[in-house]
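The chain contents come next:
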Amino acid sequence: MASTYEPIATGNATGSSPTFTFSSIPSTYTDLVVVTQNRIANTGLGFIMYFNGSNTNFSYTRILGNGTTASSYRDAIQDITTTDSSASSGLFTTHIINIMNYANTTTYKTSLWRMNNATNTTTPTFVGAGVGLWRSTAAITSVTFYAANGAAIDAGSTFTLYGIKAA
Amino acid sequence: MSPIISAKGGLSSAGYGQFFLIGSTTSFDSIATYTIGSGGQSTVTFGSIPSTYKHLQIRALARGGNSDVQSTLRIQFNSDTTSSYSYHRLQGDGSSASASGGASFTYNYLYFGVSGANAGSNIFGANVIDILDYALTTKNKTVRFLGGIDNNGSGGVGLGSGGWYKTDAITSISLSVDGGSNFAQYTQFALYGIKG
């Protein structure tokens, strides 16, 4: 049987830009998976994922546990949630993001992700999951991560894109 | 993982960072895929699953016909309809988080895995389901899942685990919508094998 889980590209943030983008993504896979460790230089916790250069027609729902309580939230963006500048240096959030059936032109696009960080202080720390919706039938050809409020994605943040191809 | 070889499809990155091209892995194989046609289908079964992998993963986009926004995906192994399944899950609906579970069921229940007829057009639930050590005959089987549907103002996301209290190797997996409706057109289930 054919091997089907392939790394497509990987990159590192330099700490001077609010965005990181995978572009010209081939349409030859069924799903995409982004594995990333990241952190942003503001205190808003917002770390937005959008597609094809457009940040409109998105929504998401998440569940979070912070060591004390569990909560759920939704908004009309696709915030994957990350470590902000209030955390000790060197601490990052880990995400595994599944972008399902990204190249089809029939259905809207649904993404699923797990995220977690751990700090050596009480906040901000969390473990959780999210589901995002892009109300577009366009094939996804680029994936952009954007730090809310235009803050930088911290140096040390890493991003790897994988493609999974179904038989 | 293979050494650096080439980009796939001429991909590039932007974003003011460094960029590397990397090679391919050989430990994650596609076994079979089902895509539901225009008539819908009540059950999808992966049969004759080879025992040559360490773990299985099912990746799915699913929509059903129940009169709701989100429905629950049911999973059953080896056509076993006895009360040998349990589940526990943690879920969020956008305003609150909750947990639930139970035992002695005839299915594993994977919450939020299927969008319903009341969800917006073209919106499907997403699922990533891992079935660990599926071929071992020395222990009961454990499933973990991540599922969700966002309906632009409703829906939810959930994490869960499921138990099947049999030591049989899993050779078939059946998936259906709780409540009995059909899967809708374009629903897709893909089964993968992960080597150990």
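Residues numbered from 1 in each chain as written. Chains lettered and ligands numbered in written order. Predicted model: local features only at pLDDT ≥ 70, side-chain atom pairs only at ≥ 80, totals over all residues.

**Student:** Can you lay out the overall build of chain B for me, pointing to particular residues and giving the numbers?
**Tutor:** Secondary structure assignment for chain B yields zero helices and 14 strands. Counting from the amino terminus, helix and strand elements in chain B follow one another as β-β-β-β-β-β-β-β-β-β-β-β-β-β. With 196 residues in all, chain B has 47% of them scored as buried. Within chain B, counting contacts between residues at least 6 apart in sequence, those at least 24 apart form 76% of the total. (Helix = DSSP H or I, 4+ residues; strand = E, 2+ residues; numbered from the N terminus. Buried ≥ 20, exposed ≤ 12 C-beta atoms within 10 Å, placed from the backbone. Contact = placed C-beta atoms within 7 Å.)

**Student:** For the overall build of chain A, give the residues involved together with the corresponding values.
**Tutor:** Along its length, chain A carries zero helices and 11 strands. When the helices and strands of chain A are listed from N to C terminus, the series reads β-β-β-β-β-β-β-β-β-β-β. By the compact-globule yardstick of 15 Å for 167 residues, chain A fits well, its C-alpha radius of gyration being 15 Å. For chain A, the spread of C-alpha atoms along the principal axes amounts to about 45 × 35 × 30 Å. The buried share among the 167 residues of chain A stands at 53%. Taking the contacts inside chain A whose residues are at least 6 apart along the sequence as the reference set, 76% of them involve residues at least 24 apart. (Rg over C-alpha atoms; globule rule 2.2 N^0.38 Å.)

**Student:** A description of the sheet that holds strand S13 (residues 173-177) of chain B should follow, citing residues and the corresponding values.
**Tutor:** Neighbouring strands of a sheet are bound in pairs by backbone hydrogen bonds; such pairs are parallel or else antiparallel. All names here are of chain B. Taken together, four strands build an open sheet; the order of strands is S4-S13-S6-S9 and the sheet is antiparallel. With partners counted over all chains shown, the strands left at the sheet margins are strand S4 (43-46) and strand S9 (108-115), one partner each. On average, each strand axis in the sheet is tilted by 25° relative to the strand beside it, whichever way the strands run. Relative to S13, S4 is paired through four bridges, and the arrangement is antiparallel. What sits directly across from Phe46, in S13, is Ile173. (Pairing = 2+ DSSP bridges. Axes fitted to C-alpha atoms, helices over the stretch in contact; angles between N-to-C directions.)

**Student:** Any chance you could break down the pairing of strand S10 (residues 143-147) of chain A for me, citing the residues and the numbers?
**Tutor:** All names here are of chain A. The element S10 is largely enclosed, with a buried count of five among its five residues. Where strand S2 (residues 19-23) meets S10, four bridges bridge the pair, whose relative direction is antiparallel. Within S10, the position partnered with Phe22 by the bridge is Val143.

**Student:** Provide a residue-level description of the environment of Tyr87(B), including the pertinent values.
**Tutor:** Residue position: Tyr87(B) is located in strand S7 (residues 85-92). When the C-alpha atoms of Tyr87(B) and Ala60(B) are compared, they prove to be 19 Å apart, with 27 residues separating the residues in sequence.

**Student:** Account for the confidence of the model for chain B, naming residues and giving values.
**Tutor:** Residues and elements named next belong to chain B. Overall, the predicted model of chain B reaches an average pLDDT of 89, with 87% of residues at or above 70. Segment residues 1-25: pLDDT under 50, and 65 contacts once partners within four positions in sequence are set aside and those in other chains are kept. The complex prediction reports pTM at 0.92, with the ipTM value standing at 0.94. (pLDDT = per-residue confidence, 0-100.)

**Student:** Could you give an account of the environment of Thr14(A), naming the residues involved and the relevant values?
**Tutor:** Residue and element names in this part refer to chain A. Examined against the element boundaries, Thr14 turns out to sit in the loop between strand S1 (5-13) and S2. Using a count of 17 C-beta atoms within 10 Å as the deciding quantity, one classes Thr14 as partly exposed. Along the primary structure Thr14 and Phe51 are separated by 37 residues, whereas in three dimensions their C-alpha atoms are 21 Å apart.

**Student:** Which residues make up the environment of Gly102(B), and what values do they have?
**Tutor:** Residue and element names in this part refer to chain B. With respect to the helices and strands, the residue Gly102 is situated in strand S8 (residues 97-105). You can call Gly102 exposed: it has 11 C-beta atoms within 10 Å. Along the chain, Gly102 and Arg63 lie 39 residues apart, while their C-alpha atoms are 24 Å from each other. Excluding its chain neighbours within four sequence positions, the residues that come into contact with Gly102 are Ser86 and Tyr87.

**Student:** Requested: an account of the sheet that holds strand S3 (residues 28-35) of chain B, with residues and values cited.
**Tutor:** Residue and element names in this part refer to chain B. Taken in spatial order, the eight strands make up an open sheet running S3-S14-S5-S10-S11-S12-S7-S8, and their pairing is antiparallel. Taken across any chain shown, the strands that pair with only one partner, and hence form the sheet edges, are S3 and S8. Along the sheet, successive strands turn relative to each other by an average axial angle of 15°, direction set aside. In terms of strand pairing, S7 meets S8 through seven bridges, oriented antiparallel. Directly across from Gln91, in S8, lies its bridge partner Ser98.

**Student:** Before we move on, can you summarise unusual backbone geometry with the specific residues and values?
**Tutor:** The backbone of Asn52(A) sits at a positive phi, close to 55°, despite the residue not being glycine. Residue class for Asn52(A) comes out partly exposed when judged on the 17 C-beta atoms lying within 10 Å of it.

**Student:** Give me the nonpolar core: which residues, what numbers.
**Tutor:** Leu32(A), Val143(A), Leu161(A) and Leu191(B) are the most contacted members of the largest nonpolar core, which totals 97 residues. What Leu32(A) contacts, discounting residues up to four positions off in sequence, is Ile99(A), Tyr102(A), Leu161(A), Tyr162(A) and Gly163(A). (Core = buried A, V, L, I, M, F, W, Y, C linked by C-beta atoms within 7 Å.)

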